[in-house]
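# Observations on the three-dimensional arrangement
Spelled out from the first residue to the last, the chains are:
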Amino acid sequence: MSSAKPDIPAPLDNVKYQYTKIFINNEWHDAVSGKTFPVFNPATEEEICQVAEGDKADVDKAVKAARQAFQIGSPWRTMDASERGRLLFKLANLIERDRLVLATIESINGGKLFSNTYMMELEICIKTLRYCAGWADKIHGSTIPSDGNLFTYTRREPIGVCGQIIPWNAPLLMFIWKTGQALSCGNTVVIKPAEQTPLTALYMASLIKEAGFPPGVVNIVPGYGPTAGAAISSHMDVDKVAFTGSTEVGQLIKEAAGKSNLKRVTLELGGKSPCIVFADADLDSAVEFAHHGVFSHQGQICVAASRLFVEETIYDEFVRRSVERTKKCVLGNPLNPGITQGPQVDKEQHNKVLDLIESGKKEGAKLECGGGRWGNKGYFVQPTVFSNVTDEMRIAKEEIFGPVQQIMKFKTVDEVIKRANNTSYGLAAGIFTKDLDKALTVSSALQAGVVWVNCYLMLPSQCPFGGFKMSGNGRELGEYGLHEYTEVKTVAIKISEKNS
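Only a predicted model underlies this, so the values are computations on that prediction, with no experimental measurement involved.

## Observations regarding the overall build of the protein
Scanning the protein from N- to C-terminus turns up 16 helices and 20 strands. Rg of the C-alpha trace for the protein: 24 Å, near the compact-globule value of 23 Å for 500 residues, within the 12% margin. Principal axes of the C-alpha set define a box for the protein whose edges measure 75 × 60 × 45 Å. Sequence separation of at least 24 residues holds for 74% of the intrachain contacts in the protein that already meet a minimum separation of 6. Surface summary for the protein: the accessible area is close to 20700 Å², and the carbon and sulfur share equals 52%. Considering the protein, the positive charge centre built from 55 side chains and the negative charge centre built from 56 side chains are found 2 Å apart.

Dropping the structure here:
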């Protein structure tokens, strides 16, 4: 336990993984096939437990339950909107009660730093649910002064059965982002957690039942993408699918949605986010934010500041300070106090990161520190910094999703805007400058869904989040995110005479 934060408890050392089955209709089920799959601890490479392996047959059962719960006249559909909000508030309180066990499971299963998970991510989860709960009885339409003798109004109605496919890099947080918005609007959901990290989602199922959500409103089917995920994307009775993950899989999901019932789709996909540091920036602050922007959760974040552009006149000093900061990273088991970097999520991701690091060496980037595997157990990668990186290198173009910082040099504002936008992605961007005019000009010019100025990785629940270009469609969080889970209906009623 860090001496700087004595209020952080020690992680649990005797976690029992009692929720490992499929959750449908508020009941636990074995997979129809009887299959299970192993879940691993990436810090030790040891198996944690076996989890039921859902596939198309299980998705069919879950969708049927969700559809039944969404029927006109069901307890969920007839429930007051304020009561939906009360259930979400209660769920947030249960998460707060079980914060320690959730943080411990998330850290063990996903390799996330326990201290960050307990203090930051769980806090965000709780705040997000409470934010969504507050919206439940405030989602409404409007009256329209339309031409003719008509009384016209709009309704914002829930879409229906929503499939939600969540990633391995932030399993609990993404579970909350997606379910909170969908349930606040009155939808029912079928969730497929990532096969690498299903354990906190399954624990959440127990809290959802305890909170009092009616059977069938939330259903959870752990399994693999090509089977369970594909079944959700192509299902004819799923009205919307929301996915967070790679651009490649996002394209497959959108294709499946189009070929099936043209279901609504929101996608939060990959990124190669530019972070621009001008010569007039607060250098200490910029170095620290840029460091956390790319090394948080071992670089396994979609908004990672993985293209760092630094103005020529301060370039050498910025590189020096960044390397000095990176060398302070402490690797090890993410449950242990004082650790600042844990493992990559699995062997496949570990090898991908190492391959890209090797490409940087071969293509002529200067390796300032790191550059290889750390230790002989667990999927650890040394925190790595490259300087003298050019735009055509793989490490400057491809999403690495690892602890690798690329530092590039620029001379002019026009040049850096052009280079920053020269990517198929458009998820996030950062700007560091004390010049307000420069900050406003550059933030307007960047093609990104969120632009941070003199900060990075700030994602409050009240603000919409999503990408431009191949970083996705639609938004999550904020009022914009809630609208993604509603359909707008216009009702026009003929009347004998209209008066203003």
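Still to come is the rest of the account.
## Quick look at the sheet that holds strand β16 (residues 404–410)
Taken together, 7 strands build an open sheet; the order of strands is β14-β15-β16-β13-β12-β17-β18 and the sheet is mixed. Of all strands in the sheet, those with a lone pairing partner are β14 (366–369) and β18 (450–453), marking the two edges. Averaged over all adjacent pairs, the angle separating strand axes in this sheet is 20 degrees, with direction ignored. Pairing between β14 and strand β15 (residues 384–387): 3 bridges, direction antiparallel. Paired with Cys369 across the strands is Val385, a residue of β15. Against the sheet, helix α10 (residues 283–295) touches β12 (274–277), β13 (307–311), β15, β16 and β17 (428–432), its axis set at about 135 degrees to β16. Each of β12, β13, β14, β15 and β16 touches helix α11 (residues 315–326); the most contacted strand, β16, lies at about 170 degrees to it.

## Remarks on the sheet that holds strand β5 (residues 143–144)
Within the open sheet, the 3 strands sit side by side as β5-β6-β20. Their pairing is antiparallel. Strand pairing shows two members of the sheet lacking a second neighbour, β5 and β20 (486–494), which therefore form its edges.

## Remarks on the pattern of salt bridges
Under the defined criterion, the tally for this structure stands at 30 salt bridges. Between Asp237 and Arg67 there is a salt bridge; the shortest N-O distance is 3.2 Å. Highlighted residues: Asp237 in the loop between α8 (225–234) and β10 (240–244) and Arg67 in helix α1 (residues 56–69), separated in sequence by 170 residues. Of the charged contacts, one joins Glu368 and Lys366 as a salt bridge, the two residues approaching to 3.8 Å between their closest N and O atoms. Given the relative accessible area of 45%, Lys366 is considered partly exposed. Connected through salt bridges with shared partners, the residues Asp284, Glu317, Arg320, Arg321 and Glu324 form a single ionic network.

What counts and how
- Residues numbered from 1 in each chain as written.
- Predicted model: local features only at pLDDT ≥ 70, side-chain atom pairs only at ≥ 80, totals over all residues.
- Heavy atoms only, no water.
- Helix = DSSP H or I, 4+ residues; strand = E, 2+ residues; numbered from the N terminus.
- Rg over C-alpha atoms; globule rule 2.2 N^0.38 Å.
- Contact = heavy atoms within 4.5 Å.
- Areas by Shrake-Rupley, 256 points an atom, 1.4 Å probe, with all protein chains shown as cover.
- Lys, Arg positive; Asp, Glu negative; His and termini not counted.
- Charge placed at Lys NZ, Arg CZ, Asp CG, Glu CD.
- Pairing = 2+ DSSP bridges.
- Axes fitted to C-alpha atoms, helices over the stretch in contact; angles between N-to-C directions.
- Salt bridge = Lys/Arg side-chain N within 4 Å of Asp/Glu carboxyl O.
- Buried < 20%, exposed > 50% of the residue type's maximum accessible area, 1.4 Å probe, protein only.

All we've got here are geometric facts, nothing functional implied.
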